[in-house]
Amino acid sequence: MNHVVTLTGVTKKYGELTALDDVSLGFPRGRFTAVMGPSGSGKSTLIQCAAALDTPTSGSVAIGGVDVGTLNETKRTELRRAHIGFVFQSYNLLPAITVEENLTLTLRLAGRKPDLAWIRMLVERVGLHDRLRHRPGELSGGQQQRAAIVRALAGRPDVLFADEPTGALDLRSASQVLDLLRSMVDDLGQTVVMVTHDPAAAARAHDALIMADGRLVDVLPAPSAEDLAARLTRLAGRPVAAAGGAL
Ligand SMILES: Nc1ncnc2c1ncn2[C@@H]1O[C@H](COP(=O)(O)OP(=O)(O)OP(=O)(O)O)[C@@H](O)[C@H]1O
Ligand SMILES: [Mg+2]
């Protein structure tokens, strides 16, 4: 299978704590992958390593066939800018400039000429054409997240990573964002990897990866929200491996 990003034996430690434990997987091109698992299971660490925003302690990450570990900081940033889009739960739009300026800022900082026809098409798709001259603070949370998605897609990345993109949104806005991500995959062949705690959101993906204690413990193809909820409940009921202190 054609993978946009491949992780091989990736381990990430923070001191004594192992956030990722020998994870090997690939994100298939043109598919929508959800990542689920209990809080602290390593989901954010996984996608940050996969997006070259973070560096594994051991193991390797290949983006577009290039081993990220062989690159210096500058080359790694270039590779990330060329291939990766990233969306956070908290939008991270710059408050002092307009939505329109936010959409092209990353590209301009990278010295790339924004493809305005492409960005205009995305803006139309997400229904933000009449909000471009506003500042981010004048938009609803759902509108800000849709703007953040357009910004992340503005440079036509091979893969869009989203870390709980609907985590701060009400049901209706969350549903609009999920529709948008799904349509990017179906209509434009975009590869999307989304971390979520919501089984109904993950059920919109082609496949769901289940993380527990820093390991990939399951892959559910065409998951239903019910299957995912049941799988997560079983995980929540498992004995906790790590020994804690008195608290
Ligand atoms: N910068 C850091 N320094 C120290 N420990 C960290 C750091 N980042 C993450 N961790 C730890 O690594 C583990 C995995 O964290 P991670 O953020 O990947 O979990 P997660 O699955 O995304 O959780 P959540 O669902 O709560 O967002 C956790 O135990 C966390 O405390
Ligand atoms: Mg997280």
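These numbers come from a predicted model, not from an experiment.

### Concerning the nonpolar core
Logical step 1: Leu103, Ile119, Ile149, Leu160 and Leu181 are the most contacted members of the largest nonpolar core, which has 46 residues in total.
Logical step 2: Considering each element in turn, this core owes the most residues, seven residues, to helix α6 (residues 171-188).
Logical step 3: In this view, leucine 103 contacts Ile119, Val123, Leu132, Ala147, Val150, Arg151 and Ala154; residues no more than four positions away in its chain are not counted.
Logical step 4: Within the second largest apolar cluster, 27 residues are counted, among which are Leu25, Cys49, Phe161 and Met211.

### Some words on the side chain of aspartate 54
Logical step 1: Residue placement: aspartate 54 occurs in the loop between α1 (43-50) and β4 (58-63).
Logical step 2: Taking the relative accessible area as the measure of exposure, aspartate 54 reaches 17% and is therefore buried.
Logical step 3: Polar side-chain contacts of aspartate 54 include one of 3.2 Å to the side chain of tyrosine 14.
Logical step 4: Aspartate 54 has contacts with Lys12, Tyr14, Gln48 and Cys49, leaving out every residue within four places of it along the chain.

### Points about the site of ligand 1
Logical step 1: The immediate surroundings of ligand 1 are formed by 13 residues, with Ser39, Gly40, Lys43, Thr45 and His197 found nearest.
Logical step 2: Taking serine 39, its side chain carries an N or O atom lying 2.5 Å from an oxygen atom of ligand 1.
Logical step 3: One nitrogen or oxygen atom from the side chain of serine 44 is found 2.9 Å from an oxygen atom belonging to ligand 1.
Logical step 4: Across the complex, the protein chains shield 60% of the 640 Å² of accessible surface that ligand 1 would expose by itself.

About the thresholds
Residues numbered from 1 in each chain as written. Chains lettered and ligands numbered in written order. Predicted model: local features only at pLDDT ≥ 70, side-chain atom pairs only at ≥ 80, totals over all residues. Heavy atoms only, no water. Core = buried A, V, L, I, M, F, W, Y, C linked by side-chain atoms within 4.5 Å. Buried < 20%, exposed > 50% of the residue type's maximum accessible area, 1.4 Å probe, protein only. Helix = DSSP H or I, 4+ residues; strand = E, 2+ residues; numbered from the N terminus. Contact = heavy atoms within 4.5 Å. Polar contact = N/O pair within 3.5 Å; in protein donor to acceptor, adjacent residues only side chain to side chain. Near = heavy atom within 4 Å. Areas by Shrake-Rupley, 256 points an atom, 1.4 Å probe, with all protein chains shown as cover.

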